[in-house]
Amino acid sequence: MDQTRQIDTLTEQRLDRVRWIAKQHYKVTDAWFTLVGSDRQWCRNSTGSVSTDIPDALSFTHHTLRHNELFLIEDALRHPEFANHPQVVGSPHWRFYAGMPIRDIEGSSIGTLCLVHTSPIPSGTLDFEMLHVLTHQIEDEIGRHLLIQRPPGLTPDQIDTLTGLPDRGLLQKLMREELALARQSQGNLSVCLINLDGFNSINESHGTAAGDAVLKVIADRLRDAVRRKDVVTYLGGDEFAIILRDVLQPAICRRILDQIRTPIQTEEHVHSLTASMGITCYPDDEADADALLHHAYQAMYSAKEAGKNGYCYFDPKLHHSRRERQAIAREVRLALSQQQLELFYQPKIDYHFDTVTGFEGLLRWRLPSGKILPPGCFLPQIEHTWLDIEIGKYVIDKAMTAIEEIMRRGLPYSVSVNVNPSSFLDSGFVDHLHRTLSRHDRDFVERLTLEILESASPQEDMEAIAANIQACLRLGLQLSLDDFGTGQSSLSYLRTFPTQKVKIDRSFVMGMLDNPEDEAIVAAIIGLSKSFNRQSIAEGVENGSIEAHLKDLGCDIGQGFYYSPALPFHEALQWAENYQRRH
């Protein structure tokens, strides 16, 4: 790139800030920023700017660009190509050099960011992560400058010292800049909010040093998962944000989550993490920078509610407000009438026989566009409404239809679905459930399990709920307590409802290998289940190590991404057939 006049208009102050950070961080004599034209080399260092025509053979910069990655010279006097370099044998007597290529927005190498020192430095004593970060900042600055004039660049206190990423204080500024650019160019902008699932257990079990090491790895992986022109920031704690100048496609979402899911090796342990990600996209979400970030947070919480380890898009049509809740109710009602709501089925594995024992039916909304929404994106907006009850009936009908097909094929599987216990206070729901069950024999009904979700039902309603459940249980219905151990009423529910099964909440299962308290809770629930003569089911089985430990503890059934995500009905049956064949 030979646009020296445009390059020269980059303010010296911006470049010097980045050089200052590099020099102070690595404690070297100087840091250079160089750009290479067709016949000259332009350099900015502590003494100012200079343009030279140094031959390629004598140029540190040209060697770095040919190397096309970090080019390192621990001691120039011992380097065969630079031992006689004028700046090595003469003033200023450079001995150490580390240069990183700088590329433009099209990927072409145009210059370098270099560290130089007058004494040799062993490469093993330096971590070049910060040099990578600062190089990306210069690349971003150059690319933006050639597109649009931007506000001043980073200051040292705007970079998080642990991860080397822009911090929370800089995020809003970056978002305002990116949003202005998107509006000016009539382009797209995606804001992605990432929260690590189970990170606190690492700090609690292994100390903050291990947690810091994990965060540094996650920061590197997030940078690798997106393009150089995209912006990755660290918000503190266990949260990161990414700003992309395009619509965030599912393939990119999966790549980001896959990067986080890959086990992380620290000094003494291997840590397995997942993440919940919320995304909002401009111009579909026509909000200001503050609101875009808030909407990304809302979508992230929806991903958490949907079971973690996934992503959810913020849909402005589903945004919380009284008027919008009414609009959402109309859309969900239409989706119900048009059969857009369906159950996906996640298999459950019997640990005693290593066979598929059944499936949990999980609600999904398949939009006409083909996009699939998890329940966290729409059920909270209709909670405690008549439509909530209607969806409960619909889910049970879908589960019964699935059981009919399972039995027609001569398969042994059962199906479970989630039900809010307060639904049993609605006479319409209870009547519908009773009529549906009454049409089938006991062998059929026993294949249906209702997983009772703990709710904020008043204590005075518990007797009425229990009485209505008892009426259905007499027909052969199975009952399971879902997410057991997370609420204050868990033991009360166990005593009140004559359940056959207890499901251990995924948060304890996923953390049990690293957190002794989680392990103790899992073991206690399994023991309690045996004492009450009930099956124990563990959700959130993410790897073979968790499975093995659950078996050692005597757990009866497991489900989780280690086996399979929730799948459409016929795909789930095919998965189960393949599993049975392999085992």
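Scroll up for the structure.
Residues numbered from 1 in each chain as written. Predicted model: local features only at pLDDT ≥ 70, side-chain atom pairs only at ≥ 80, totals over all residues. Heavy atoms only, no water.

## Points about the state of the cysteines
Counted under the stated rule, the structure contains one disulfide. What pairs with C312 in a disulfide is C377, and their sulfur atoms sit 2.0 Å apart. In this pair, C312 is assigned in strand 13 (residues 310–313) and C377 in the loop between strand 16 (372–373) and helix 12 (386–408), connecting sequence segments 65 residues apart. Its relative accessible area of 5% is what places C377 among the buried residues. With no disulfide of its own, C192 lies closest to C253 among cysteine sulfurs, the gap being 6.6 Å. (Disulfide = S-S within 2.5 Å. Helix = DSSP H or I, 4+ residues; strand = E, 2+ residues; numbered from the N terminus. Buried < 20%, exposed > 50% of the residue type's maximum accessible area, 1.4 Å probe, protein only.)

## Examining the sheet that holds strand 8 (residues 231–236)
If you trace the five strands from one edge of the open sheet to the other, you get 8-9-7-12-13, paired in mixed fashion. Two strands bound the open sheet, and with one partner strand each, they are strand 8 and strand 13. Recorded for the sheet is a direction-independent mean angle of 20° between the axes of neighbouring strands. The sheet contact formed by strand 8 and strand 9 (residues 239–244) spans five bridges and is antiparallel. Across the sheet, the residue bridging to G236 is E239, located in strand 9. Against the sheet, helix 9 (residues 250–261) engages strand 7 (189–197), strand 9, strand 12 (274–282) and strand 13, with an angle of about 155° to strand 12. Each of strand 7, strand 8, strand 9, strand 12 and strand 13 is contacted by helix 10 (residues 289–305), which is oriented at about 140° to strand 12, the strand it contacts most. (Pairing = 2+ DSSP bridges. Axes fitted to C-alpha atoms, helices over the stretch in contact; angles between N-to-C directions. Contact = heavy atoms within 4.5 Å.)

## Focus on unusual backbone geometry
Residue P92 follows S91 across a cis peptide bond; omega there is 5°. Mapped onto the fold, P92 is located in the loop between helix 4 (86–89) and strand 5 (96–103). For the peptide bond that leads from Y282 to P283, omega is 15°, which places it in the cis range. For K308, which is not glycine, the phi dihedral falls at a positive 65°. Residue position: K308 is located in the loop between helix 10 and strand 13. For K308, a relative accessible area of 25% translates into the label partly exposed.

## As for the pattern of salt bridges
Enumeration over the complete set of coordinates arrives at 20 salt bridges. The partner of D75 in a salt bridge is R78, with the nearest N and O atoms 3.6 Å apart. Judged by its relative accessible area of 13%, D75 falls in the buried class. With its nearest N and O atoms 4.0 Å apart, the salt bridge here joins E547 to K551. Of this pair, E547 and K551 both sit in helix 19 (residues 544–553), four residues apart, roughly one helical turn. You can call E547 buried: its relative accessible area is 12%. The class of K551 is partly exposed, set by a relative accessible area of 33%. Each of K348, E360, E451 and K503 takes part in salt bridges that share partners, so that together they form one network. (Salt bridge = Lys/Arg side-chain N within 4 Å of Asp/Glu carboxyl O.)

## Here's the deal with the packing of helix 18 (residues 516–531) against helix 19
It is at 10 Å that the axes of helix 18 and helix 19 come closest, and there the two elements cross at 45°. Taken as axis vectors, helix 18 and helix 19 run oblique relative to one another. For the element pair helix 18 and helix 19, the recorded crossing hand is right-handed. Residues E519, V522, A523 and I526 of helix 18 touch helix 19, and the partners they reach there are H549, L550 and L553. Its residues assigned to classes, the contact of helix 18 with helix 19 comprises five nonpolar, one polar and one charged. (Parallel < 35°, antiparallel > 145°, perpendicular 65-115°, else oblique. Left-handed = near helix turned anticlockwise from the far one by under 90°. Nonpolar A, V, L, I, M, F, W, Y, C, P; charged D, E, K, R; others polar.)

## A few points about the pairing of strand 13
Sheet topology places strand 12 next to strand 13; four bridges connect them, and they run parallel. Of the residues in strand 13, the one forming a bridge with G278 is C312. In this fold, the crossover linking strand 12 to strand 13 by way of helix 10 has left-handed handedness. (Right-handed = clockwise from strand over helix to strand, strands pointing away.)

## Quick look at the environment of F429
By the secondary structure assignment, F429 is in helix 13 (residues 427–438). It is 10.0 Å that separates the C-alpha atoms of F429 and I391, two residues lying 38 residues apart in sequence. Setting aside its immediate chain neighbours within four residues, F429 contacts I389, G392, K393, I396, V419, S423 and F424.

## Describing the pairing of strand 9
In terms of residue burial, strand 9 counts as a mostly covered element, since six of its six residues are buried. In strand 9, alternate side chains face the same way, and those of E239, A241 and I243 on one face and F240, I242 and L244 on the other are all buried. Here six bridges tie strand 7 to strand 9, and the two strands are oriented antiparallel to one another. Counterpart to I194 in the pairing with strand 9 is F240. Following strand 8, the chain reverses through two residues before pairing antiparallel with strand 9; G237 in that reversal takes a positive phi of roughly 60°.

## Considerations on helix 19
Three or more residues of helix 19 are buried, namely I546, E547 and L550. Seen from one end, helix 19 has its buried residues packed into an arc of 100°, which puts them on one side. One side-chain oxygen of the residue at the start of helix 19 lies 3.1 Å from the amide nitrogen of S545, identifying that residue as N543. Just beyond helix 19, the residue with positive phi is G554, at close to 90°. (Arc of directions from axis to C-beta. Polar contact = N/O pair within 3.5 Å; in protein donor to acceptor, adjacent residues only side chain to side chain.)

## Digging into the packing of aromatic side chains
Counted according to the given criterion, the structure contains 17 aromatic pairs. Ring centres 5.2 Å apart and planes at 65° place the aromatic pair Y562 and Y563 in the edge-to-face group. When its relative accessible area of 38% is taken as the criterion, Y562 is described as partly exposed. Ring-pair connections join several aromatic residues into one group, and the members of that group are W32, F60, F71, F82, W94 and Y97. (Phe/Tyr/Trp six-rings, centres within 6.5 Å; stacked < 30°, edge-to-face > 60°.)

## Structural notes on the side chain of Q478
Residue placement: Q478 occurs in strand 19 (residues 478–484). Among all residues touching Q478, those that are not within four sequence positions of it are E446, L448, T449, L450, Q500 and K501.

## Things to note about the packing of helix 6 (residues 168–185) against helix 10
Closest axis-to-axis distance for the helix 6/helix 10 pair is 9 Å, and the angle between their directions is 115°. Classified by the angle between their axes, helix 6 and helix 10 sit roughly perpendicular to one another. The crossing of helix 6 and helix 10 is right-handed. Here R168, L171, Q172, M175, R176 and L179 of helix 6 lie close against helix 10, whose contacting residues are A289, D290, L292, L293 and Y297.

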